[in-house]
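# Understanding the architecture of this molecule
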Amino acid sequence: MTRTPALPPLDTAAIQPLADAIRALAMDAVEAAASGHPGMPMGMADAAAVLWTRHVSFDPADPDWPDRDRFVLSAGHGSMLIYSILHLIGVEGVTMEELRNFRQLGSKTPGHPEHGHTPGVETTTGPLGQGIATAVGMALAERMLNARYGDDLVDHRTWVIASDGDLQEGVSQEAIALAGHWKLNRLVVLWDDNAISIDGSTELSDTTDHGARFESAGWAVFHVDGHDAAAVDAALAQARGSDRPVLIACKTIIGKGAPLKAGTAGCHGSPLGADEIAGTRKALGWSHEPFTIPQAVYDGWRSVADRGAANRAAWAQRHAAAPARGEFDAQLSGDTPKAALDALDAHIASVLRDKPALATRAASGKAIESFWDKIPGLVGGSADLTGSVNTLVKGQSRLSADNYAGQYIHYGVREHGMAAAMNGMALHGGVRPYAGTFLVFSDYCRPAVRLSALMNQPVIYVFTHDSIGLGEDGPTHQPVEHLSALRAIPNLAVFRPADAVEAAEAWRVALERRDGPTALILSRQKTPHLRTGDGSKNLSALGAYVLSEADGAAQLTLIGTGTETALALEAQCLLKARGVNARVVSAPSLETFLAQDAGYRNSIVDPALPAVAVEAGMRWGWDALIGREGGFVGMTGFGASAPAEALYAHFAITAEAVAAEALKRV
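Residues numbered from 1 in each chain as written. Predicted model: local features only at pLDDT ≥ 70, side-chain atom pairs only at ≥ 80, totals over all residues. Heavy atoms only, no water.

## What about the overall build of the protein?
Rules: We count a stretch as a helix when DSSP gives it H or I for four or more residues in a row; a strand needs E for two or more, and each element gets its number in order from the N terminus. Only C-alpha atoms enter the radius of gyration, while the globule expectation follows 2.2 Å times N to the 0.38, with N the number of residues. For every residue, the accessible area obtained with a 1.4 Å probe (protein chains only) is divided by the maximum for its type, and the residue is called buried under 20%, exposed over 50%, and partly exposed between those limits. In what follows, a contact means two residues having at least one pair of non-hydrogen atoms within 4.5 Å. Each accessible area is a Shrake-Rupley result for a 1.4 Å probe, and residues are judged covered by the shown protein chains and nothing else. Positive: Lys, Arg. Negative: Asp, Glu. His and the chain ends are not part of the count. For charged residues, the charge sits on one atom: NZ in Lys, CZ in Arg, CG in Asp, CD in Glu.
The helix and strand tally for the protein stands at 25 helices and 20 strands. Rg of the C-alpha trace for the protein: 27 Å, near the compact-globule value of 26 Å for 666 residues, within the 12% margin. By its C-alpha atoms, the protein is 90 × 55 × 45 Å across when sized along the principal axes. The buried share of the protein, taken over its 666 residues, is 61%. For the protein, the proportion of contacts with a sequence separation of at least 24, taken over those separated by at least 6, is 78%. Accessible surface for the protein amounts to roughly 24,000 Å². Of this, 52% is attributable to carbon and sulfur atoms. Separation between the mean location of the 55 positive side-chain charges and that of the 74 negative ones in the protein comes to 4 Å.

## Structural notes on the sheet that holds strand β17 (residues 556-560)
Applicable threshold: For two strands to count as paired, DSSP must find a minimum of two bridges between them. Fitted lines through C-alpha atoms serve as axes, helices being fitted only where they are in contact, and the angles separating the N-to-C directions of these axes extend from 0 to 180 degrees.
Strand order in the open sheet formed by five strands is β16-β18-β17-β19-β20, with mixed pairing between adjacent strands. With partners counted over all chains shown, the strands left at the sheet margins are β16 (545-548) and β20 (631-633), one partner each. Ignoring which end each strand starts from, the neighbouring axes of this sheet average 30° apart.

## Observations concerning the side chain of Gln 331
Counted only if it meets this: Counting of polar contacts relies on pairs of N or O atoms within 3.5 Å, with two restrictions inside protein: one atom must be capable of donating a hydrogen and the other of accepting it, and residues adjacent in sequence are counted only when both atoms are side-chain atoms.
Relative to the assigned elements, Gln 331 resides in helix α12 (residues 325-333). Within the structure, Gln 331 has its side chain in polar contact with the backbone oxygen of Gly 430 (distance 2.8 Å). Discounting residues that sit within four places of it in the chain, Gln 331 has contacts with Leu 145, Arg 148, Tyr 149, Pro 376, Gly 377 and Gly 430.

## Some details on the packing of helix α13 (residues 338-354) against helix α14 (residues 360-371)
Counted only if it meets this: Roughly parallel means an angle under 35 degrees; roughly antiparallel means over 145; roughly perpendicular covers 65 to 115; every other angle is labelled oblique. We call a crossing left-handed when the near helix sits turned anticlockwise from the far one by less than a right angle, and right-handed when that turn is clockwise. Only Asp, Glu, Lys and Arg are considered charged, only Ala, Val, Leu, Ile, Met, Phe, Trp, Tyr, Cys and Pro nonpolar, and every remaining residue, Gly among them, polar.
Where α13 contacts α14, the axes come no closer than 8 Å and their chain directions differ by 135°. It follows that α13 is oblique to α14 by the angle criterion. Crossing angle aside, the handedness with which α13 passes α14 is right-handed. Judged by residue contacts, Ala 340, Ala 343, Leu 344 and His 347 of α13 engage Lys 366, Ala 367, Ser 370 and Phe 371 from α14. Split into classes, the residues belonging to the contact of α13 with α14 amount to five nonpolar, two polar and one charged.

## Considerations on the packing of aromatic side chains
Applicable threshold: To pair, rings of Phe, Tyr and Trp, with the six-membered ring standing in for Trp, must have centres within 6.5 Å; the planes then decide the type, stacked if under 30 degrees apart, edge-to-face if over 60, and tilted in the middle.
Across all of its chains, the model carries 14 aromatic pairs by this definition. Taken together, a centroid distance of 5.2 Å and an interplanar angle of 85° make the contact between Tyr 149 and Phe 328 edge-to-face. In this pair, Tyr 149 sits in helix α5 (residues 130-149) while Phe 328 sits in helix α12, placing the two residues 179 residues apart along the sequence. Given a relative accessible area of 9%, Tyr 149 falls into the buried group. According to the relative accessible area criterion, Phe 328 is buried, its value standing at 3%. One aromatic cluster is present, formed by Trp 52, Phe 58 and Phe 71 through successive ring pairs.

## Details of empty space enclosed by the protein
Definition in use: Points on a 1 Å grid, built from protein atoms alone, make a cavity when a 1.4 Å probe fits but cannot get out and make a pocket when they are open with protein on both sides within 12 Å along at least 5 of 7 lines; residues with an atom within 4 Å of a point are the lining residues. Grid points are joined across faces, edges and corners, and a volume is the space filled by probe spheres set on the points.
Going through the model one piece at a time under the given rule, you end up with three cavities of 30 Å³ or more. Empty space within the largest cavity amounts to approximately 50 Å³. Taken together, Phe 71, Val 72, Leu 73, Ile 82, Pro 113, Val 121, Glu 122, Thr 123 and Thr 125 form the lining of the largest cavity. Among the elements that take part in the lining of the largest cavity, strand β1 (residues 70-73) stands out by supplying three residues, more than any other. Of the residues contributing to the lining of the largest cavity, the split by class is six nonpolar, two polar and one charged.

## Points about helix α17 (residues 442-454)
Counted only if it meets this: Here the expected span of a helix is defined as 1.5 Å times the quantity of residues minus one. The term bend refers to the angle at a residue between two fitted axes, each drawn through seven residues, those ending there and those starting there.
Between its first and last C-alpha atoms α17 spans 17 Å; for 13 residues at 1.5 Å apiece the expected length is 18 Å, and the two agree. A maximum bend of about 40° is found in α17 at Ala 448. Every buried residue of α17 is listed here: Ser 442, Cys 445, Ala 448, Val 449, Leu 451, Ser 452 and Ala 453. At its buried positions, α17 is contacted by α5, α16 (415-428), β11 (432-438), β12 (460-464) and α18 (482-487). Two residues or fewer past α17, Asn 456 is found with a positive phi of approximately 60°.

## What to know about helix α25 (residues 655-663)
Among all positions in α25, only Ala 655, Ala 657, Val 658, Ala 659, Glu 661 and Ala 662 are buried. In this structure, the buried residues of α25 make contact with β17, α20 (565-577), β19 (611-614) and β20.

## Some words on the layout of surface pockets
Approximately 730 Å³ is the volume found for the largest pocket. Elements with a minimum of two residues in the lining of the largest pocket: α12 and α16. Here the element with the most residues in the lining of the largest pocket is α12; it accounts for five residues. In terms of residue class, the lining of the largest pocket is made up of 13 nonpolar, 14 polar and eight charged.

## Looking at the pattern of salt bridges
Defined as follows: For this document, the term salt bridge refers to a Lys or Arg side-chain nitrogen within 4 Å of an Asp or Glu carboxyl oxygen.
On inspection of all chains with the given rule, the structure shows 31 salt bridges. Of the charged contacts in the structure, one is a salt bridge between Asp 354 and Arg 353, with a shortest N-O distance of 3.2 Å. Since its relative accessible area comes to 59%, Arg 353 is described here as exposed. Through salt bridges with shared partners, a single ionic network connects Glu 142, Arg 143, Asp 155 and Arg 186.

## A short note on the nonpolar core
Our working rule: To define a nonpolar core, start from buried Ala, Val, Leu, Ile, Met, Phe, Trp, Tyr and Cys residues and group those joined through side-chain atoms within 4.5 Å.
The biggest cluster of nonpolar side chains holds 70 residues, and the ones touching the most others in it are Leu 140, Trp 182, Leu 184, Leu 187, Trp 219, Tyr 411 and Met 425. Sort the elements by how many residues they give to this core and α5 lands first, with 11 residues. Sequence-distant contacts of Leu 140, that is, excluding residues within four places in its chain, are made with Trp 182, Leu 184, Leu 399, Tyr 404, Ile 409 and Met 425. Core analysis: the next-biggest nonpolar cluster, separate from the first, contains 60 residues, Trp 52, Leu 73, Ala 75 and Ile 89 among them.

## So, the packing of helix α1 (residues 12-33) against helix α11 (residues 295-321)
Any two packed helices are characterised by the angle at which their axes cross and by the distance between the axes. Two elements in contact, α1 and α11, have axes whose closest approach is 9 Å; the angle formed by their N-to-C orientations is 105°. Looking at the two axes, α1 sits roughly perpendicular to α11. Across the interface between the two elements, Pro 17, Leu 18, Ala 21 and Ile 22 from α1 touch Val 297, Gly 300 and Trp 301 from α11. Looking at the contact of α1 with α11 residue by residue, the class counts come to six nonpolar, one polar and no charged.

## Re the sheet that holds strand β6 (residues 220-225)
Pairing in this open sheet of five strands is parallel, and the strands run β1-β2-β3-β7-β6 from one edge to the other. Each of the sheet's edge strands pairs with one partner strand only, and the pair in question is β1 and β6. For this sheet the average axis-to-axis angle between neighbouring strands, irrespective of direction, equals 15°. Direction of pairing for β6 relative to strand β7 (residues 246-251): parallel, over a ladder of six bridges. Residue Val 224 lies in a different strand from β7, and its bridge partner there is Cys 250. Strand contacts of α5: β1, β2 (158-163) and β3 (187-193), with the helix running at about 170° to β2, the strand carrying the most contacts. Sitting on the sheet, helix α9 (residues 229-239) is in contact with β2, β3, β6 and β7, with an inclination near 165° to β6.

Right under this line is the structure:
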């Protein structure tokens, strides 16, 4: 259902100055910054003005109101479109001074929209394709919460403006296929069909019938003149009644109004220049000075605030009367319930008691079993590898277009779309996503993983089959550089647990984390139980800890991660037989350990002692811990196809090799 009241007939003459205000602000801000993309905001100004003043439910006085419509500018290069609108509707903080400071250090108007930086920006965009794919996750989250709490609490839409480049990026195909499959009829994409890219006409590289592409994926598709306000308004009204996601292909002229550069690549990614701006002002009949908006235009944009305030007030009344209000608020808070953490702690205690030898992917699955049903909004999934990554556990139902209440999502072979959709779910709020694939395919996820970290979103990535230990599938599937690559992403917590205890502890860290994503790196092959103690402290949360102290004064430190930690323990015994005392450190998360204070770091890895690390990956990143002179036992190139045991012997990742490296240093 829709709660937006019927709108009065469209006054196309009244829309024009509202659109021209966007054009003027966009060209003025880009000119002042001497960089930026004026063409897209100028071309989509008409459609955007109709969309926002007639259809979007958003209260600028409360940009985080839970039941607001979400707007995603997937064409993030045209950021002055959203900044202009946020200013014109009165969002606090998006002042005219901020528009003047477009692209300047510390401003609220960075080159591309950044979530958490500018109020009213729902997601960080700029990498093309990410916005539309993230919006699919937002629209899915709305349906999931609606299935649980009903229309009174959850009843909103997700609107997207996408560019030609967004639709050319491969992730868009993954995203539109998922949206069509799930029948996300609250999702509406306005395509800025201007046929211009940086290089020139899109015909240089693309003759795809994008409308047919969307239709084949189960979308409704409308074609309109993007400068015909009445046609855009009618299409948007029709979209509101669709039983499928909707694409509105808006045929536009990039840089509309510019006398010489409109319709050309010359206005795509460069300032128009003083002469062209003067000509544009004349063509538009816009006589106002730069960064000057007449009060009548502000008054026209106030309809957004008036409608949004009324909708928010009505929602607040329904929220106050809702029997499920407390449960809804708790789920939207994002806090992990204590009951879930208690259940996970009880599971850790049972693992310490039973001492199972498990592949850490299996240990992860057992950890999920302990807590999943105690976290409303937790939703798992995988990219067509459910049985391999152990992300589906007993009791979870499968999400579908007929069951938005499901707790498990089959994404198909769409790692990139999966990761981007999880960002959208996390950004929406009320949904906590996790999903899995093989570690080697984290490359397909990487652009979205990077955005998870940049946006501080608590998405949980389950990456299994983490080394040559996966065996016979060979080097195409054996990750060797991937741990280093993931560790290089700022704000991504990477955990490679050594046994079932560490796997559960890593899950506890992930569940408690609110300010960024977590990647769990898990094995295909079994690893023995290693941890001793009572489990009263989450040692994995420290990044590294002493697993086995030296028998006497330590002469060196052996450091292991994941399945190779057991090799470090074996090497400790070999060294002891040679009269060498070694301390063994388990380091499930290097970056977490390196973030600890110096006192703790030095108490675990004594900088005065030589160190040897063992990990079935590349050395990159390890020197921060072991030093340039430290020993490293691991991979130096790609793997091979053979059983895991043969591969470890072939590549000399053995306890004997660890001991030999140690003996060179004592």
